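# A structural walkthrough
In case you want the letters, here they are:
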Amino acid sequence: MHRSQRGHWTVDGLICKDLIKLSTRGRLMIEYLGVPYAEPPVGDLRFRSPQPLKHTWNDTYGAYSNGNMCIQLGRDGKIHGSEDCLFLNIFVPMISGKPEKNSSILPVVVFVHGGSFMTGTGDSHKFPPKYLMDQNIILVTLNYRLNILGFLSTASKASPGNYGLKDIRMALQWIQENIASFNGDPNSVTLWGHSAGAVLVHELALSEKTEGLFHRFLRCLPREEEEEDEIMVTEGNLMVNSTTVKPEETIEKEEDYVKEENYDEEQEEEIMQCLRKVESNKFVEVIKYYKTSLGRACCPFGPTIEAEAEDAIITMHPLVSIKSRTFRDIPFIMGAVSDEGLLNTIDILLNVSAQIEMVDNFETQMPYLLEYYQLISNWSGFTKAIEDFYFGGNVTLSTLRENITKVTGDSRFNWGTYQTLKYHSEVMNSNIYFYFFSYEGTFSVTFKTGSPVHYGVAHVDDLNYLIPLLNEEHKGMMLHNTENDVTVINIMTEMWASFATKGVPEAWRVMSWPEYKETGEFLRFGDGKNPDINVGSGFFSDRMDFWNDITENLTDSVNFDLIIEPIIKEEEPNTGSRKTELRSGKGGKKGDET
């Protein structure tokens, strides 16, 4: 692979036979790995926006192996990766012998990994493309800066933050300039993220600063990071956040966790110059101290609001952007799984001592598990409402095991999902497609416990039917996809490719996917072991009503209606044909019908 004097990349034949791989169905594909898309963000470029590549290759660039992952703290407690990590991978299906001789240009899908803004990589071993390469699309995966190095902010121009987010925008600019050389269509780019990556994708879609860089997006596996009060900004202050707490500490002590030190502009610049000289490992080691009583705190560093500037991306709260219609009105797919909360509760479900601790200290433990401990205005009222609604007014070991995943999933995932769908539906012209994934296939993220036992359909499980990450991670268990798994894989990859091609997710011999904002209907993938596809409606409507009430009355949520008048009034509920409605009352079961 060459880079010309004009700064654009070209492809001259096949670089190495080892780069030719096979898709799941035996289709030839070619991998271009470890392609740099920006200058290394090291030295004086640390805590700055990414800079375009300056180096020009006059010979062949060997895109043979994955680039460095961005420096991070692994599950093993060790530090992995490097600051020099701004690389991407390109996967091209070979339709007519060689990718540059394909009969037509192909739509491009750009994948942004998750990991709580703290961990992750676009590595081809972690995210193998062999399912999607059965479709006529080009897949790009990428790395972006993480944790402190990716998101530290002084809430001022000394360090406005969002560096990881700006890395993704830089990668999209690189794709616009170069993807045609790989037979990709720069005018048909779909941005796709999962978990924290889904939040970053959505933030980019809310910003007019990404106009022309992508044309639709897939926001899968959303997390709680986009809830109303997760983004805070202070003018002229350096925020020092220490969330190490003990379960017996109450909300009154919360004021001790966040300390503000006032600095002037010159002092802030001096601080940042000092931080640019610190060994990178020191920043990652600090992550170990961001804990609650229940373990590592989720997402201590992430997207933030910036002051207006040429390279700023987030300059207003996401909800303000939506209600004021300053977002990019483009089609998107959004999804959730049936047991999102398992990501956070599996360790409790496998530990009787932890369950006893939760029952005995319900009022002090539950807000930390639900990530609401900084938002609650009425601590006892909040936990009592949770106890009454989800646990029938009596928290025992039995009711805890039965309902803890449900309440955690609603708090940390489903409520934010519902809000996003609701607010976008009120003001968007483009189509919104929502899916609910409840198929329990061979693999699950809960296998991280070391045993191939299913506890439900967990956060990340649906991603495995688009990219076989769990197959790769647990291949030592000698498990293989079943016929039902293959059916779901074929349907989902075909639908994702269809959406990337024409903005409408379709698959052969599968019912039409209803457009959400017009009907409130969605596509349900599977039901337990059954892989059937059905249309559903009413996304946990009674549980979402509960969270609407509890956040209005018992938390310090900002009332954005006082900031911006609602632009579109809610329409009357759609009365359509008989559909499956996902409902679950006070510990009730789902599957009730309208």
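So, here is what we can say about the structure in this document.

Thresholds, definitions, all that
Residues numbered from 1 in each chain as written. Predicted model: local features only at pLDDT ≥ 70, side-chain atom pairs only at ≥ 80, totals over all residues. Heavy atoms only, no water. Helix = DSSP H or I, 4+ residues; strand = E, 2+ residues; numbered from the N terminus. Buried < 20%, exposed > 50% of the residue type's maximum accessible area, 1.4 Å probe, protein only. Contact = heavy atoms within 4.5 Å. Areas by Shrake-Rupley, 256 points an atom, 1.4 Å probe, with all protein chains shown as cover. Disulfide = S-S within 2.5 Å. Polar contact = N/O pair within 3.5 Å; in protein donor to acceptor, adjacent residues only side chain to side chain.

Moving on to the overall build of the chain. Looking only at helices and strands, the chain has 15 helices and 20 strands in total. Across the 594 residues in the chain, those meeting the buried criterion constitute 58%. Intrachain contacts of the chain at a sequence separation of at least 6 include 75% that bridge at least 24 residues. Element-wise, carbon and sulfur atoms account for 48% of the exposed surface of the chain, whose accessible area totals about 24300 Å².

One pass over the full model with this rule turns up one disulfide. With its sulfur 2.1 Å from that of its partner, Cys-70 forms a disulfide with Cys-85. Looking along the S-S bond of the Cys-70-Cys-85 disulfide, the torsion reads about 85°, which is the right-handed sense. Linking Cys-70 in the loop between β4 (28–36) and β5 (72–73) with Cys-85 in the loop between β6 (79–80) and β7 (87–93), this pair joins segments that are 15 residues apart in sequence. Using a relative accessible area of 3% as the deciding quantity, one classes Cys-70 as buried.

Below, the discussion takes up the environment of Ser-324. Within the fold, Ser-324 resides in the loop between α6 (318–323) and β16 (332–337). Sequence-wise, Ser-324 and Val-427 are 103 residues apart; in three dimensions their C-alpha atoms are separated by 8.8 Å. A distance of 2.6 Å separates a polar atom in the side chain of Ser-324 from the backbone oxygen of Val-320.

Among the secondary structure elements, His-80 is positioned in strand β6. Each C-alpha atom of the pair His-80 and Asn-281 lies 9.1 Å from the other, and the pair is 201 residues apart in sequence. In this structure, His-80 is in contact with Met-69, Cys-70, Ile-71, Gln-72 and Gly-74, ignoring residues within four places of it in sequence. A polar side-chain atom of His-80 sits 3.1 Å from a polar atom in the side chain of Asp-76.

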